[in-house]
Amino acid sequence: MATINRRRFIQMAALGGLTAAVPFSKAWGSQSRGRVVVVGGGTGGATAARYVKAIDPAIDVTIIEMEPKHTTCYMSNWTLAEMRDLDSLTHTFDNTRARGINVIIDKATRIDAEKQTVHTAGGQAIEYDRVIVAPGIDFVWNGLEGYDEAAAEVIPHAWKAGPQTLLLQQQLAAMDDGGVVVITAPPNPFRCPPGPYERAALIAHYLQRHKPKSKVMILDAKDAFSKQGLFTAGWTRHYGDMIEWVGAFDTGGGPERVSVDDRTVHMAFDSVQADVLNVVPPQKAGQIAIDSGLTDASGWCPVDFHTLESTIAKNVHVIGDAIVSSALPKSGYIAASTAKVAAAAVVDLINGREPREGSFFNTCYSLLTPNHSISVSGVYRVAHDDAGAQIVQGVGDSVAVSRAGAEDWEQFREARYAGTWYNNLVAQAFG
Ligand SMILES: Cc1cc2nc3c(=O)[nH]c(=O)nc-3n(C[C@H](O)[C@H](O)[C@H](O)COP(=O)(O)OP(=O)(O)OC[C@H]3O[C@@H](n4cnc5c(N)ncnc54)[C@H](O)[C@@H]3O)c2cc1C
C-alpha cells in the first residue's frame, strides 16, 4: 500500500484548501481502521477517495466505478471548437490505485443502508462503515416528450462526455454551411448552469471559421440563465447575430416535444426544425441514488450539509451533482469541494470525532472564444433560515461574476486561468 508522507500531505492540503476543514495534528498519524466505499469515480468520487486516504491512510478505501476511464464533462465544450480533443480530457485510475485506493470497475446496482453493503452488477457485495455516493446525474427520459434513450442515439445530448460528444462533433462537421444548430436548454436544476450557453458560443466559434452562414438557436425552458448579461454581450460582440436565445416566455413555456425523425422541436405556439439538434434533457440524481432510496420527490438527494450525510439513510454521504438543489451549483469544482468536506467528516466520524464545519468553494469558467472567458465564483457556508431549516448561503459578497466590459487582456487572462483551473481540478481527482 502506498503511503503519503507529511510533506506530500501539506502540498495536497495547499492544493485543495483542505486545511480549512481538517486540523492537521488530529488527522495525521491516526491508527484508525475503517472501510469507506465510494460509488462513482468521477470528479467528486475520485477526489473524496483520495482525501479520505490522505487524511487517514489506515482507512481502507474502495471506489466502485463502472467505466475503466473517466472523461470530464468540463472542457468537453472546448472539443466542439477544436480547442482540445477528448483524449486529453480522459483520465485513468492508475494514480488512484498507486495511492493505495482499491478501484473496482463494476456497476453499483444498490446500496443497502441497513446492511451497509454495496451490491454490484458483477455480483459483488462490498461492506462499508461509511459510503460516499457520487454518481453524478441521470436524465429524465421523456421529460421532454419524445426524447428517450433511443432518441439520444441519433440526437445527442452530449451532457455526459465521451461518445455523445463525438456524435455531436460529427454532426456539426457533416452539416452544410447555412444550417441551423438548435440547442434545447433544460429547466433548473441541472448539471453546469452556464454549460448550454458556453456550448452555443463555442459551436458558433467553430461555425464562424468553417460554415459562416450558419446559425445557433437556443430554445430554453427558462426565462433567465447563469451569467446572462455577460453571455449575450459576448455572443453579439464575437458572433454578431449568429446566436439567438429564445426564452420560455416567448415560446409559451419552452420546448414541449421533440420529433426525432425530422429533428423538430415543438413548442406551444411554434416549432423549429434543426439541421443539428442537441437536446440537453431534464435531469435527476444518478440512477443508483434513486434505486437505493436516497432521493426525495425532487429526484435529488437531501443531505445534512455539515457532513454531506444523507438525511434519509445513515452512514451514507452524497456529494457532487446528485445533491438536492441548493445555492451550490452543480459544477465540477463544487463536486470536488463537497468531496473534501465529506472526506473530512467521514474520517472524523470513523475516528469518533465530532466533524468540524466546512465551507464550499466554486469557480467556473465559460469560454466565449478561445481568448475570452467569463467566470463565476463563490464561497458558501451552512446556515439556518428564520424557521431554523438548514440552508447553504454565499459568504458576504464572495459570489461574483467577471466584470462587465472587462478589457481584452482581462478576458484573455481569464481564458488562461481556465486552463490551469482544469489542470488543478483533475490533479486533485486523478493525479
Ligand atoms: C458540457 C459540460 C460542461 C461543463 N463545464 C464545467 C465547467 O466548466 N466547470 C465546472 O466546474 N463544471 C462543469 N461541468 C459540470 C461538471 O462536469 C459536473 O458538475 C461534475 O462532473 C460533477 O461531478 P460528479 O462527481 O458529481 O459526477 P461525475 O463527474 O459525472 O461522476 C460520476 C461518476 O459515477 C459513475 N457512476 C454513475 N453511476 C454509477 C454506478 N451505478 N456504478 C458505478 N459507477 C457509477 C459514472 O461513470 C461517473 O464516472 C460541465 C458539465 C457539462 C455537461
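Quick caveat, the model's predicted, so the values are computed rather than measured.

Asks: Provide a residue-level description of the site of the ligand, including the pertinent values.
Replies: As a matter of local geometry, the ligand sits amid 34 residues, with Gly44, Glu65, Arg191, Asp321 and Gly332 nearest to it. The backbone of Ser331 places a nitrogen or oxygen atom 3.3 Å from an oxygen atom of the ligand. The separation between an oxygen atom of the ligand and a polar main-chain atom of Gly332 is 2.8 Å. Here the ligand loses 95% of its free accessible area of 1000 Å² to cover by the protein chains. Every element with two or more residues in the shell around the ligand is listed here: helix 3 (43–55), strand 2 (59–65), helix 4 (76–80), helix 12 (332–350) and strand 22 (360–369). When residues of the shell around the ligand are assigned to their parent elements, the largest contribution, three residues, is made by helix 12. Counting the residues that make up the shell around the ligand, at least three belong to each of domain 1 (6–138 + 284–356) and domain 2 (143–281).

Asks: Can you break down the pattern of salt bridges residue by residue, with the values?
Replies: In the structure shown here, the tally under the stated rule is 13 salt bridges. Of the charged contacts, one joins Lys222 and Asp220 as a salt bridge, the two residues approaching to 2.8 Å between their closest N and O atoms. The same class applies to Lys222 as to Asp220, namely buried. Beyond isolated ion pairs, a larger network of salt bridges with shared partners links Arg35, Glu127 and Asp129.

Asks: Describe helix 12, and please don't skip the residues or the numbers.
Replies: With 19 residues, helix 12 ought to run about 27 Å at 1.5 Å a step, and its terminal C-alpha atoms sit 27 Å apart, in line with that. When you tally the buried positions in helix 12, you get 17 out of 19 residues, the bulk of the element. Backbone geometry just after helix 12 places Gly352 at a positive phi near 75°.

Asks: How would you summarise the sheet that holds strand 17 (residues 276–279) if you had to cite specific residues and measurements?
Replies: What the four strands build is an open sheet, ordered 13-12-11-17; its pairing is parallel. The open sheet is flanked by strand 13 (243–246) and strand 17, the only strands paired with a single partner. Put simply, the sheet's adjacent strands are angled 15° from each other on average, direction ignored. Inspection of the sheet shows strand 11 (residues 180–185) paired to strand 17 by four bridges, in the parallel sense. By the bridge assignment for strand 17, Val181 is matched with Val276.

Asks: Report on the sheet that holds strand 16 (residues 271–273), specifying residues and quantitative values.
Replies: The three strands are arranged 14-15-16 in an open sheet whose pairing can be described as antiparallel. Of all the strands in the sheet, just strand 14 (257–259) and strand 16 have a single pairing partner and so form its edges. The mean angle between the axes of side-by-side strands here comes to 15°, regardless of whether they run parallel or antiparallel.

Asks: Describe the confidence of the model for the chain, with residues and values.
Replies: Interpretation of the predicted coordinates at a detailed level should be avoided for regions scoring low in pLDDT. Across the chain, pLDDT averages 93, with 93% of residues at or above 70. Confidence over residues 1–30 falls short of pLDDT 50; this stretch has 50 contacts with residues more than four positions distant or in other chains.

Asks: Go over the nonpolar core, please, and point to the residues and values.
Replies: Ile111, Val118, Val131, Trp235, Phe305, Leu308 and Phe360 are the most contacted members of the largest nonpolar core, which totals 106 residues. A per-element tally of this core places helix 12 first, with 10 residues. Split by domain, the residues of this core number at least three in each of domain 1 (6–138 + 284–356) and domain 2 (143–281). When near neighbours in sequence (up to four residues on either side) are disregarded, Val131 contacts Val37, Val39, Ile111, Val118, Asn315, Val316 and His317.

Asks: How would you explain the pairing of strand 9 (residues 130–133) if you had to name every residue and give the values?
Replies: Of the two faces of strand 9, the one lined by Arg130 and Ile132 and the one lined by Val131 and Val133 are each fully buried. Summarising the sheet, strand 1 (residues 34–39) and strand 9 pair through four bridges and their orientation is parallel. Across the sheet, residue Val38 finds its bridge partner in strand 9, namely Ile132. Here three bridges tie strand 9 to strand 21 (residues 316–318), and the two strands are oriented parallel to one another. Looking at the pairing, Ile132 lines up with His317 of strand 21.

Calculation rules
Residues numbered from 1 in each chain as written. Predicted model: local features only at pLDDT ≥ 70, side-chain atom pairs only at ≥ 80, totals over all residues. Heavy atoms only, no water. Near = heavy atom within 4 Å. Polar contact = N/O pair within 3.5 Å; in protein donor to acceptor, adjacent residues only side chain to side chain. Areas by Shrake-Rupley, 256 points an atom, 1.4 Å probe, with all protein chains shown as cover. Helix = DSSP H or I, 4+ residues; strand = E, 2+ residues; numbered from the N terminus. Domains from an automatic or database assignment. Salt bridge = Lys/Arg side-chain N within 4 Å of Asp/Glu carboxyl O. Buried < 20%, exposed > 50% of the residue type's maximum accessible area, 1.4 Å probe, protein only. Expected span 1.5 Å × (residues − 1). Pairing = 2+ DSSP bridges. Axes fitted to C-alpha atoms, helices over the stretch in contact; angles between N-to-C directions. pLDDT = per-residue confidence, 0-100. Contact = heavy atoms within 4.5 Å. Core = buried A, V, L, I, M, F, W, Y, C linked by side-chain atoms within 4.5 Å.

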